[in-house]
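Coordinate analysis (summary)
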Amino acid sequence: MNESGAAASVGGTGRATLGDPADLAIETHQLVKRFGHRSAVDGINLAVPRGSVFGFLGPNGSGKTTTIRVLLGLASASSGNVRVLGRDMPQALASVLPDVGALVEGPGFYPFLSGTGNLMRLDAADPHAPSSTRRVRVQDALERVGLSHAAGKKVRAYSLGMKQRLGLANAMLRPRKLLVLDEPTNGLDPQGTREVRTLVRSLAAGGTTVFVSSHLLAEVEQMCSHVGVMSAGRLVAQGPLEELRSAGQAHVVVQTPDVDAAARVLTRLGLVPGDAAGTGLTGGNTAVMATGINGHFPEAIVAALVADGVGIRGFTVENASLEERFVSLTGEGFDVVG
Ligand SMILES: Nc1ncnc2c1ncn2[C@@H]1O[C@H](COP(=O)(O)OP(=O)(O)OP(=O)(O)O)[C@@H](O)[C@H]1O
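Only a predicted model underlies this, so the values are computations on that prediction, with no experimental measurement involved. (Residues numbered from 1 in each chain as written. Predicted model: local features only at pLDDT ≥ 70, side-chain atom pairs only at ≥ 80, totals over all residues.)

Before going further, it helps to examine the domain arrangement of the chain. Parsing the chain into structural domains produces domain 1 (21-246) and domain 2 (251-318). Put simply, the middle of domain 1 and the middle of domain 2, counted by C-alpha atoms, are 46 Å apart. (Domains from an automatic or database assignment.)

What follows is the structure, encoded as structure tokens:
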């Protein structure tokens, strides 16, 4: 995994502080895509390190698919620059695309052909794909996405999830330097979803950079080394997942029968007592939560509480969850299950 080119712009405008551009599989500068007067993508600076699994996270309608379409040359940018695998797009489209596998809108499968038949046909249409290895590569791709058992079945009998997997198999027919996957687990059952996530991780372990969009926070947490967060056409944060996690605001939870006295001490220390509802410790009014602990030693907080005679039954310092962090960045809730 390559983290050296990590453009860690955690929060703020999403403006990337770029490392060596050669370390980036995807790089955009002030990319804008307008539909009429409305900007679906509004000046984003993406920096996707080579070798990363980059989760492109955002609620529905935040501009993920539009960005992906521009990256792949399926739509033109209104303004800004795009580089993919170190080359300028769309000028270098023809030389870049053979190294890029994509799952965007499901490829047009023929319903009356089998899964194998469809992949054989799509591969034959790829001038860079060697025909001598075609059958083996098709079988291998079907096996990797768990479709071997249905290889001979007509695609019209495939479920949505099976078609989605066939689309993934198509993206993997040849070794790729970059895979771009738009919501690859959409329409999959929980088992299929797990398989795709495992597959994505194994692809990255083999050196392929994976750029994967999702509206599911949990999915991104499970699969990705890096994340970019979209909100209303803007990239509001990007960087290594761990960096985003640690950028959240930590808080302290004090379990005590003397919540009012505890809150007074915490306030005196400069902390900001808040609603402990999310801590699950509020039963019988026995806990107080406070943010603003940066720069305070936990032991000093405990000592101050004890000095004031506050009875302490429990004391924890908790980092903000990624979900809290993203909600604070986007002002929106995320679907967290998946
Ligand atoms: N061809 C188009 N013409 C006009 N508006 C469009 C077009 N394509 C997308 N949009 C608008 O651009 C905005 C961003 O859409 P986009 O599909 O990129 O978001 P998304 O994050 O991928 O969401 P979803 O997961 O729902 O596809 C939306 O408001 C959408 O309605």
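Let's pick the thread back up.
Okay, the site of the ligand next. Inspection of the region around the ligand gives Phe35, Ala40, Gly58, Asn60, Gly61, Ser62, Gly63, Lys64, Thr65, Thr66 and His215 as its neighbouring residues. With 3 residues, helix α1 (residues 64-71) is the single largest residue contributor to the shell around the ligand. Along the lines of polarity and charge, the residues of the shell around the ligand split into 2 nonpolar, 8 polar and 1 charged. (Near = placed C-beta within 6 Å. Helix = DSSP H or I, 4+ residues; strand = E, 2+ residues; numbered from the N terminus. Nonpolar A, V, L, I, M, F, W, Y, C, P; charged D, E, K, R; others polar.)

Attention now moves to unusual backbone geometry. A cis amide bond links methionine 89 with the next residue in sequence, proline 90, at an omega value of 5 degrees. Note on placement: proline 90 falls in the loop between β6 (87-89) and α2 (93-96). The phi torsion at glutamate 183 lies on the positive side, around 45 degrees, for a residue other than glycine. Secondary-structure assignment places glutamate 183 in the loop between β8 (178-182) and α6 (190-205).

Moving on: the sheet that holds strand β13 (residues 272-274). Taken together, 4 strands build an open sheet; the order of strands is β13-β14-β12-β15 and the sheet is antiparallel. Among the strands making up the open sheet, the edge pair consists of β13 and β15 (314-318). With strand direction ignored, the average angle separating the axes of adjacent strands in the sheet is 25 degrees. Here 3 bridges tie β13 to strand β14 (residues 287-291), and the two strands are oriented antiparallel to one another. By the bridge assignment, valine 272 is partnered in β14 with threonine 291. (Pairing = 2+ DSSP bridges. Axes fitted to C-alpha atoms, helices over the stretch in contact; angles between N-to-C directions.)

Turning to helix α9 (residues 259-268), a few remarks are in order. Burial in α9 covers these residues: Ala262, Ala263, Val265 and Leu266. Down the axis of α9, the buried set is contained in an arc of 165 degrees. They therefore lie on one face. Along α9, the residues that are exposed and aim more than 90 degrees away from the buried face are Asp260 and Arg268. Buried-residue contacts for α9 involve β12 (251-255), β13, β14 and α10 (298-307). Directly after α9, the chain includes glycine 270, whose backbone phi takes a positive value near 100 degrees. (Buried ≥ 20, exposed ≤ 12 C-beta atoms within 10 Å, placed from the backbone. Arc of directions from axis to C-beta. Contact = placed C-beta atoms within 7 Å.)

Axis separation between helix α3 (residues 115-124) and helix α5 (residues 160-171) bottoms out at 10 Å; the angle between their running directions is 35 degrees. For the pair α3 and α5, the crossing hand works out as right-handed. Here Gly115, Asn118, Leu119 and Leu122 of α3 come into contact with α5, specifically with Leu166, Ala169 and Asn170. A class-by-class count of the residues in the contact of α3 with α5 yields 4 nonpolar, 3 polar and no charged. (Left-handed = near helix turned anticlockwise from the far one by under 90°.)

Here α5 contains 12 residues, and its C-alpha end-to-end distance of 17 Å stays within 8% of the 16 Å for a straight helix at 1.5 Å per residue. Across the 12 residues that make up α5, a large majority, 10, are buried. Among all positions of α5, only Met162, Lys163, Gln164, Arg165, Leu166, Gly167, Leu168, Ala169, Asn170 and Ala171 are buried. (Expected span 1.5 Å × (residues − 1).)

So, on to the sheet that holds strand β7 (residues 100-103). Sheet strands pair via backbone hydrogen bonds, and the direction of the pair is either parallel or antiparallel. Taking strand neighbours across the sheet as the criterion, the 6 strands line up as β7-β8-β9-β4-β10-β11 in an open arrangement whose pairing is mixed. A single partner strand is all that each edge strand has here, and the edge strands are β7 and β11 (234-240). With direction set aside, neighbouring strand axes in the sheet form an average angle of 15 degrees. Relative to β11, strand β10 (residues 226-231) is paired through 6 bridges, and the arrangement is antiparallel. Opposite serine 231, over in β11, you have arginine 234 as the bridge partner. Packed on one face of the sheet, helix α11 (residues 322-330) meets β10 and β11 and runs near 35 degrees to β10.

Inspection of the sheet shows strand β1 (residues 24-35) paired to strand β2 (residues 38-44) by 5 bridges, in the antiparallel sense. In the sheet register, leucine 31 faces β2, and the bridge partner there is isoleucine 44. From the end of β1 to the start of β2, which pair antiparallel, there are 2 residues, and glycine 36 there has a positive phi angle of about 65 degrees.

It is worth spelling out the packing of α3 against helix α4 (residues 134-144) at this point. One way to put it is that α3 packs onto α4 with a least axis distance of 10 Å and a crossing angle of 125 degrees. With respect to α4, the axis of α3 lies oblique. As for how α3 packs across α4, the hand of that crossing is right-handed. Contacts between α3 and α4 involve Gly115, Thr116, Leu119, Met120 and Asp123 on the former and, on the latter, Arg134, Arg137, Val138, Ala141 and Leu142. (Parallel < 35°, antiparallel > 145°, perpendicular 65-115°, else oblique.)

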